[in-house]
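Take a look at the letters that make up each chain.
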Amino acid sequence: MYDPLKNIDLNKKDPIILGIETSCDETAAAVICGRKILSDEIASSASIQALYGGVVPEIASRAHTDYVADVVERAVKNAGISYQDIDAVAVTYGAGLLGALLVGVSFAKAFAYALNKPLIAVNHIRGHLAAAYLDSPDLKPPFVTLLASGGHTAILYTKTESEFEILGATLDDAAGEAFDKVARVLGLKYPGGPNIERCALNGQANIPMPKMLKGGGGYNFSYSGLKTAVINYCHTKEQKNEEYSKADVAASFQSAAVDVLVEKVIAAAKEKRSKCVTVGGGVAANGYLRQSLQAACDKYGLRLVLPEKRYCTDNAAMIASEGLVQFRLGNFADMSLNAKASIPLAATLETVQSKAAKEKKEV
Ligand code: KG4
Ligand code: ZN
């Protein structure tokens, strides 16, 4: 009988959590022990997706099906543990591509059931936020967080490991989405963000870009005007048969897209009198953003927790890290867990205590 919560110790010192992530084109599995990463495996279908100019959901789902068992097996083996040592299985249940998520969720359910281990449903975005705890195991809220991924751009006040206040968010496109769309206009291959960064290295940020709520709009962002400005610039040049430098466009766009993120997260830290800034999401892998943020935090005497690049983009260690937060809260899923394609940011940040946790408290 599946009864994994019978003898569970929510206060166990360093629980061993297996994380599984399949929300987009990375099939990932990782094992953590407390906040220490024991193993971290990724198989990606990105090179196949690049042939089609973006992620084809069907190809992603098939690749996850092909890779998931092997990736999990490797993660457990490389962690130097046995299956029975695992205290809980954490899996991304949303948001993401539905078919892709379903592969991870189905696998995690079967795996947890077979081993009689607790199952934890992890929201992908909270995983990105929890990556900071693996980078700096001594990290404790409160702090201000910049979230910049392909689907979200926001500034949060992280009050506890499970409570967040949204100080501002994008009013239209996310930062990563803008990187990807501008990359297409410039004829750069998928994935757009890293290719814009590479292209920008050979250019100068000398093309005027719209101000995009810089110094205004509170902590909100707007990226659609910036994207349109780049499209208009390129199309006008092409119509007039005038030469232009793609590298200069990439550099100008990158600096406009990133400077506003840095400006606003620093302003938020000052307003909240926070001594620490953390960052999460794929755009945080951007070298120009990393350097600018470090320089700004140094200038204002703020501690910057900036996870290594591989823990900013999709990975399973961050899913295990958020799994640990939920483990401590006693938030476990059951076998009715289903995948969810979209979850609004506000709902993402809500914490709902599970029945198991409430029952434990009442005892
Ligand atoms: O967090 P992530 O891996 O997946 C989501 O949860 O969305 O973020 C993916 C986004 C993509 O839009 C990608 O272009 C962007 O992060 N990205 C970058 C870089 N690496 C990934 N953007 C700018 N510079 C990068 N080096
Ligand atoms: Zn992500």
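In this report, the structure presented in the accompanying data block is examined.

### So, the packing of helix H5 (residues 175-185) against helix H6 (residues 192-200)
For the pair H5 and H6, interaxial distance at closest approach is 8 Å and the crossing angle is 65°. The element H5 and its partner H6 pack so that their crossing is left-handed. From H5, Phe179, Asp180, Val182 and Ala183 reach across to H6, where they touch Gly192, Gly193 and Ile196. Looking at side-chain class alone, the contact of H5 with H6 contains four nonpolar, two polar and one charged residues.

### Details of the pattern of salt bridges
Within the structure shown, the criterion is met by 14 salt bridges. Here Arg310 ties to Asp40 by a salt bridge, and the two come within 2.7 Å at their closest N and O atoms. Here Arg310 is found in the loop between strand E10 (303-305) and helix H10 (317-329), whereas its partner Asp40 is found in strand E3 (residues 36-44), with 270 residues between them in sequence. Exposure remark for Arg310: the relative accessible area of 41% places this residue in the partly exposed category. Linked by salt bridges that have partners in common, Asp173, Glu177, Lys181 and Lys227 make up one network.

### Some words on the site of ligand 1
Neighbouring ligand 1 are 18 residues, the closest being His128, Gly150, Asp180, Glu197 and Gly282. The separation between an oxygen atom of ligand 1 and a polar side-chain atom of His124 is 3.1 Å. Gly282 places a polar main-chain atom, nitrogen or oxygen, 2.8 Å from an oxygen atom of ligand 1. Of all the secondary structure elements, the ones that give two or more residues to the shell around ligand 1 are helix H4 (124-135), H5 and H6. Residues belonging to the shell around ligand 1 are distributed by class as follows: four nonpolar, eleven polar and three charged.

Calculation rules
Residues numbered from 1 in each chain as written. Chains lettered and ligands numbered in written order. Predicted model: local features only at pLDDT ≥ 70, side-chain atom pairs only at ≥ 80, totals over all residues. Heavy atoms only, no water. Axes fitted to C-alpha atoms, helices over the stretch in contact; angles between N-to-C directions. Helix = DSSP H or I, 4+ residues; strand = E, 2+ residues; numbered from the N terminus. Left-handed = near helix turned anticlockwise from the far one by under 90°. Contact = heavy atoms within 4.5 Å. Nonpolar A, V, L, I, M, F, W, Y, C, P; charged D, E, K, R; others polar. Salt bridge = Lys/Arg side-chain N within 4 Å of Asp/Glu carboxyl O. Buried < 20%, exposed > 50% of the residue type's maximum accessible area, 1.4 Å probe, protein only. Near = heavy atom within 4 Å. Polar contact = N/O pair within 3.5 Å; in protein donor to acceptor, adjacent residues only side chain to side chain.

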